[in-house]
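Breakdown of the fold
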Amino acid sequence: MVANFAINAKDVTEYQGIMRQQPSNPNPLERQRAIADKATATLTDHLTYRLRQLGFTVAAAEHGNAVGENELLIDGRFSRVDEGNPLRRWVVGFGAGAAQMNTRVRAFYGSNGRKVLEFITQAESGKMPGAVATLPAGAAASASVGIGIAASNAVAKGMQEDLTSAEQMALASAEQAVRFLSEFFARQGWIEASQVRKARTVMR
């Protein structure tokens, strides 16, 4: 199962460009929540789509759902969503002011909910996204594993050109998460080695 990634609107920073249009919604917290909702939906939808491409049966799930003996629960949270500040980037440089998104992803296996994998993803404008493990992988493999996704309308958005910067970074984050997960899945014998798409390692 994959739960919708948690996100706190206070961890969202809106785009701060000088050419920014006057927001139609005057409430900054509501605007931050809207950005958070889009980021969560985009990441979860693309994660769903890509896991299905790996051959898993993907079922909808809700937070708190019981995990079966041969099921994997994947959840996570956004630790940072920053749409960027071009002026600060121009004045300060050295990566300051870039749009950034960080997530922490965890995987739990079986009915006892044993954590078997934990990693972070990082996406930043102008740089390739990547992922790095924060917990060694040590799951007991099963002959089969079921994955459910907490998303109702999972679609691939990779070819759309009208995505916000937060949505684009969410797509990149989801892609790196799936790549990292594919390496783990292959080690457990759940997918073929040919299905693995190696994640780019980032510095912590």
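A quick note: this is a predicted structure, and the numbers were derived from the prediction, not measured.

**Examining the packing of aromatic side chains**
Under the criterion given, the structure shown has 7 aromatic pairs. With a centroid separation of 5.8 Å and an interplanar angle of 20 degrees, the aromatic rings of Y109 and W190 are classed as stacked. Here Y109, found in strand β4 (residues 100–109), pairs with W190, found in the segment after α3 (165–188); they are 81 residues apart in sequence, far enough to count as distant. For Y109, a relative accessible area of 8% gives the class buried. Accessibility expressed as a relative area gives 12% for W190, which makes it buried. With 5.8 Å between their ring centres and 85 degrees between their planes, F184 and W190 make a pair best called edge-to-face. Each of the two residues, F184 as well as W190, counts as buried. Members of the aromatic cluster, each reached through a chain of ring pairs, are F56, Y109, F184, F185 and W190.

**Some words on the nonpolar core**
Ranked by size, the top nonpolar core spans 38 residues in total, and within it L47, L51, L72, I74, M101, L117 and F185 carry the most contacts. Among the elements that make up this core, the one with the highest residue count is α3 (10 residues).

Calculation criteria
Residues numbered from 1 in each chain as written. Predicted model: local features only at pLDDT ≥ 70, side-chain atom pairs only at ≥ 80, totals over all residues. Heavy atoms only, no water. Phe/Tyr/Trp six-rings, centres within 6.5 Å; stacked < 30°, edge-to-face > 60°. Helix = DSSP H or I, 4+ residues; strand = E, 2+ residues; numbered from the N terminus. Buried < 20%, exposed > 50% of the residue type's maximum accessible area, 1.4 Å probe, protein only. Core = buried A, V, L, I, M, F, W, Y, C linked by side-chain atoms within 4.5 Å.

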